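Take a look at the letters that make up each chain.
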Amino acid sequence: MNGLRVEIDLDKISHNTAELVRRCHGRGMSVTAVTKAMLGAPELVTALDAADDLGDSRIENIERMRDSASTAPMLLLRSPMLSQIRRVVRSATMSANTEQDVLTALSTAAREAGVTHDVMLMVELGDLREGIMPGSLHDLVRHVLSLRDLRLQGIGTNLACRNGIEPTDENMHELSAMVDDVEATFDIEIPIVSGGNSANLAWALGPGGNGRVNNLRLGESILLGREPLHRQPIDGLHTDTVTLVAEVIECNRKPTVPWGRSGQNSFGETPETADRGEVWQTILAVGRQDTDTTDLTAPAGVEILAASSDHLVTATDRRMTPGDELRFQPGYAALLRAMTSPFVEKAFGPTETVSEATPDQ
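Residues numbered from 1 in each chain as written. Predicted model: local features only at pLDDT ≥ 70, side-chain atom pairs only at ≥ 80, totals over all residues. Heavy atoms only, no water.

## Looking at the overall build of the protein chain
Broken down by element type, the protein chain carries 10 helices and 18 strands. Its C-alpha radius of gyration of 23 Å places the protein chain within 12% of the 21 Å reference for a compact globule of 361 residues. Each principal axis of the C-alpha distribution contributes one length, and for the protein chain these read about 75 × 45 × 40 Å. When each of the 361 residues of the protein chain is scored for burial, the buried share is 49%. The contacts in the protein chain between residues at least 6 apart in sequence include a share of 65% that link residues at least 24 apart. Approximately 17000 Å² of the protein chain is accessible, and the part contributed by carbon and sulfur atoms is 48%. (Helix = DSSP H or I, 4+ residues; strand = E, 2+ residues; numbered from the N terminus. Rg over C-alpha atoms; globule rule 2.2 N^0.38 Å. Buried < 20%, exposed > 50% of the residue type's maximum accessible area, 1.4 Å probe, protein only. Contact = heavy atoms within 4.5 Å. Areas by Shrake-Rupley, 256 points an atom, 1.4 Å probe, with all protein chains shown as cover.)

## Quick notes on helix α5 (residues 100-113)
In a regular helix each residue adds 1.5 Å, so 14 residues correspond to 20 Å; α5 covers 20 Å between its end C-alpha atoms and thus fits that length. All of the buried residues in α5 are V102, L103, L106, S107, A109 and A110. Backbone geometry just after α5 places G114 at a positive phi near 70°. (Expected span 1.5 Å × (residues − 1).)

## Some details on the environment of R90
By the secondary structure assignment, R90 is in helix α4 (residues 85-91). Separated by 205 residues in sequence, R90 and D295 place their C-alpha atoms 36 Å apart.

## Considerations on the packing of helix α6 (residues 137-145) against helix α7 (residues 169-186)
Viewed as axis vectors pointing N to C, α6 and α7 meet at an angle of 50°, and their least axial separation amounts to 11 Å. Judged by the angle between their axes, α6 and α7 are oblique. In the packing of α6 onto α7, the handedness of the crossing is right-handed. On the side of α6, the interface is formed by L137, H138, V141, R142 and L145, while α7 contributes M178, D181, V182, T185 and F186. Its residues assigned to classes, the contact of α6 with α7 comprises six nonpolar, two polar and two charged. (Axes fitted to C-alpha atoms, helices over the stretch in contact; angles between N-to-C directions. Parallel < 35°, antiparallel > 145°, perpendicular 65-115°, else oblique. Left-handed = near helix turned anticlockwise from the far one by under 90°. Nonpolar A, V, L, I, M, F, W, Y, C, P; charged D, E, K, R; others polar.)

Below is the structure:
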C-alpha cells in the first residue's frame, strides 16, 4: 500500500448518510448526497444508498458513477458548460441552471438524444456565487416553459460557499415566496425547492418551519460529519470517516529559525518563524500539490510547521524513522485536494476499529 493515501471508512459514511436522511425526512425534506469531494468514486455510491439522489458538480464524476452501473437519479450541481451539453443530457437526470443560452442548448441536445431533461433554476440570495437575480426569475421560467424538451422540476439557491452568507429564516422565506409567486404566475407546480447545502442543517432541523424548502444538498455533513459554517461536529455523526496517511522521509534535530538572507519562498510568501530552539523536524512525503496542508489536523505530539509542493515539515515529540507513518484528519478542502491528486492512493473500506459516533445531546 502506498505510503501516501486517504483511508475512507464507507461504513461510517453510510451511517452519516442514513442518519441525516432520517432527520431531514422527518422535516419533509429529501437529501441529495453530494459526491464531488470524492470525485464520484463508484465505491462511495453504495454507502450513499439512503439518499434520495446524488449530486456532483462535474459531469466527468457523474459519468464515472454511471459507468459503474449506478441507476440513481443524478443532479449536475454546476451550470453545464456548453462544450459538454450532450454529455449532460446523456448522463445527468437534472442540471442546475442560470443562463438562457445554456437552457436552449440543453433543449436541443435533449431533443437530439430523444430524452426530456429536468432542470433546476438557481436564484441569487446574497452569497454572490451562481444564481439568477430575483427580478429576472420570471423571464427565465418563461423561457424554460417554452422549451418542450426541458421540464422545470426545481428552484434552488446556494449560500455559504463564496461569502459565507448563512441560511436564515429571512432568506429561506424569500426563496419560498419566489416559488409561490412562480407557481401562481405560470399556473405550474415546482416539485423541488432546494434550500442549499450542509450549511442549511442548523436552520432546517431547528425549531422553526421550513416553508416550501423540501430538499437539501449535503456533502461535508455526510462525508465528514461536520457543518460548514463553523466546522463543528454534528451530534450523532462520525467525524473520523477519512484519514490522510503520510510517510516519514526524514527526521533530524534542527533549529526552528532559518539563517541567511531571506526573500520570498516558492509560493511568494515571506514566512515569520518564532524561535523555539531545536526540535525533531520530521518531514513527510506530502505537500501542497497533494492536499491543503492548512486544513489538516495533526495527531497528538505532532505540529505542522510548514509545507512546500512536496514536503510537509512537522515538529514531533520524538524521533521518527523513515518509513514510519503519521495519520492526519483532513477538513473538506484537504479532502477535496487529496482526492484529486493522482499521487494519493484512495483506500476504501471499514476501519479495523470503528470509533463511536459523537453522542446525541
